[in-house]
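Now for the letters of each chain:
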Amino acid sequence: RKVGNEIEVDRRGGDLDRGSYIERSYQIGFPPFQNGHEYVLFLVWNTALDAWVPAYGPDSAIDVTGGAAHSAGQSDLIRSFEGKSTAELLDLVRRASQ
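These figures come from a predicted structure and were not determined experimentally.

The rules behind the values
Residues numbered from 1 in each chain as written. Predicted model: local features only at pLDDT ≥ 70, side-chain atom pairs only at ≥ 80, totals over all residues. Heavy atoms only, no water. Helix = DSSP H or I, 4+ residues; strand = E, 2+ residues; numbered from the N terminus. Buried < 20%, exposed > 50% of the residue type's maximum accessible area, 1.4 Å probe, protein only. Areas by Shrake-Rupley, 256 points an atom, 1.4 Å probe, with all protein chains shown as cover. Core = buried A, V, L, I, M, F, W, Y, C linked by side-chain atoms within 4.5 Å. Contact = heavy atoms within 4.5 Å. pLDDT = per-residue confidence, 0-100. Salt bridge = Lys/Arg side-chain N within 4 Å of Asp/Glu carboxyl O. Pairing = 2+ DSSP bridges.

Now for the overall build of the protein chain. A tally of helices and strands in the protein chain yields two helices and eight strands. Within the protein chain, the proportion of its 98 residues that are buried is 20%. Carbon and sulfur atoms form 51% of the exposed surface of the protein chain, whose accessible area is close to 7200 Å².

Core analysis: the biggest nonpolar cluster contains seven residues, these being Val40, Ile62, Val64, Ala69, Ile78, Phe81 and Leu89. Other than its neighbours up to four places away in sequence, Ala69 contacts Ile62, Asp63, Val64, Phe81, Glu82, Gly83, Lys84 and Leu89.

Attention shifts here to the confidence of the model for the protein chain. It should be kept in mind that the predicted coordinates are not to be read in detail where pLDDT is low. Within the protein chain, residue pLDDT values average 85, and 89% of them lie at 70 or more. Of all the helices and strands in the protein chain, strand β1 (residues 2-3) carries the lowest mean pLDDT, 57, while strand β8 (residues 61-63) carries the highest, 94.

This part covers the pattern of salt bridges. Under the definition given, this model contains three salt bridges. Arg79 serves as the salt-bridge partner of Glu82, at 3.3 Å between the closest nitrogen and oxygen. Glu82 sits in the partly exposed class, given a relative accessible area of 32%.

Bridge count for strand β6 (residues 43-46) against strand β7 (residues 51-54) is four bridges, and the pairing is antiparallel. Directly across from Val44, in β7, lies its bridge partner Val53. Between β6 and β7, which follow one another and run antiparallel, lie four residues, and Asp50 among them has a positive phi close to 55°.

At Asp50, a position not held by glycine, the phi torsion is positive, near 55°. Following the sequence through the fold, Asp50 ends up in the loop between β6 and β7. We classify Asp50 as exposed; its relative accessible area is 55%.

Given below as structure tokens:
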């Protein structure tokens, strides 16, 4: 769902209140999104969940907070983006999608 300039993204994991304790789970190798950070996300619509989900696991999220690209992803493509400026990254993505 889109709300203003924001969209909701469903990810595996999270916190579940079990009453006497909180059960925390997460996708290994894919750290949680951090509030206040900006990301370039590669998403796909999941009709079963009726939600946007990361298309490629950790390779789907590139943190561009502070103007440089950082990702927990391990693919050669995502690793090639590491440290590039946000402007360089967005230019590469735009050119690849043409």
